[in-house]
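# Descriptive structure summary
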Amino acid sequence: MSTMNISLPDTLKAFVDQQVNSRGYGTSSEYVRELIRKDQDAQALREMLLEGARSPAGAPADAGYFQSLRERAAQRKPS
């Protein structure tokens, strides 16, 4: 694992320390890693939404579409 040092103003350092203590993180590094992962997930979701918006329109999601999904789900065997 690589190391990265960051500088924070006292107010941000106090906020990070508070989050670590109140939310059950072992270290400030764990807290920052989670923030970065959440940001990665948000960016990936944004890209998927933009890709979907750029794609051609598909079939309408009407009652028949949802009924076919229910039927497919009912046919799946639990693992």
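Calculation criteria
Residues numbered from 1 in each chain as written. Predicted model: local features only at pLDDT ≥ 70, side-chain atom pairs only at ≥ 80, totals over all residues. Heavy atoms only, no water. pLDDT = per-residue confidence, 0-100. Helix = DSSP H or I, 4+ residues; strand = E, 2+ residues; numbered from the N terminus. Buried < 20%, exposed > 50% of the residue type's maximum accessible area, 1.4 Å probe, protein only. 1 Å grid on protein atoms, 1.4 Å probe; cavity = no way out; pocket = protein on both sides within 12 Å on 5 of 7 lines; lining within 4 Å. Points joined across faces, edges and corners; volume = space filled by probe spheres on them. Nonpolar A, V, L, I, M, F, W, Y, C, P; charged D, E, K, R; others polar. Phe/Tyr/Trp six-rings, centres within 6.5 Å; stacked < 30°, edge-to-face > 60°. Expected span 1.5 Å × (residues − 1). Arc of directions from axis to C-beta. Contact = heavy atoms within 4.5 Å.

## Quick word on the confidence of the model for the chain
Residues at a pLDDT of 70 or more form 99% of the chain, whose mean pLDDT is 94. Model confidence for the chain, summarised as mean pLDDT per element, is weakest for helix 3 (residues 63-75) at 94 and strongest for helix 1 (residues 10-22) at 98.

## Digging into the side chain of Gln19
With respect to the element layout, Gln19 can be found in helix 1. For Gln19, a relative accessible area of 11% translates into the label buried.

## A look at the layout of surface pockets
One number sums up the size of the largest pocket: a volume of about 470 Å³. Around the largest pocket sit 14 residues that line it, and Met4, Ile6, Ser28, Ser29 and Val32 are the ones nearest its centre. Contributing elements (two or more residues each) for the lining of the largest pocket: helix 1 and helix 2 (28-54). Per element, the largest residue contribution to the lining of the largest pocket is 5 residues, and it comes from helix 2. In terms of residue class, the lining of the largest pocket is made up of 7 nonpolar, 4 polar and 3 charged.

## Some words on the environment of Thr3
Relative to the elements of secondary structure, Thr3 occurs in the segment before helix 1. Spatially, the C-alpha atom of Thr3 lies 19 Å from that of Asp17, the residues being 14 residues apart in sequence.

## Considerations on the packing of aromatic side chains
Inspection of the entire model under this criterion finds 2 aromatic pairs. Ring centres of Tyr25 and Tyr31 lie 5.3 Å apart, and the angle between their planes is 70°; this geometry places the pair in the edge-to-face category. Each member of the pair Tyr25 and Tyr31 is classed as buried. Ring centres of Tyr65 and Phe66 lie 5.3 Å apart, and the angle between their planes is 75°; this geometry places the pair in the edge-to-face category. Judged by relative accessible area, Phe66 falls into the partly exposed class, the value being 41%.

## Quick look at helix 1
For helix 1, which comprises 13 residues, the first-to-last C-alpha distance of 18 Å matches the rise-based estimate of 18 Å (1.5 Å per residue) to within 8%. When we look at burial in helix 1, the residues that qualify are Val16, Gln19 and Val20. End-on view of helix 1: buried residues confined to an arc of 100°, all on one side of the axis. Set apart from the buried face of helix 1 by more than 90 degrees, the exposed residues are Asp10, Thr11, Asn21 and Ser22. Contacts from the buried residues of helix 1 go to helix 2.

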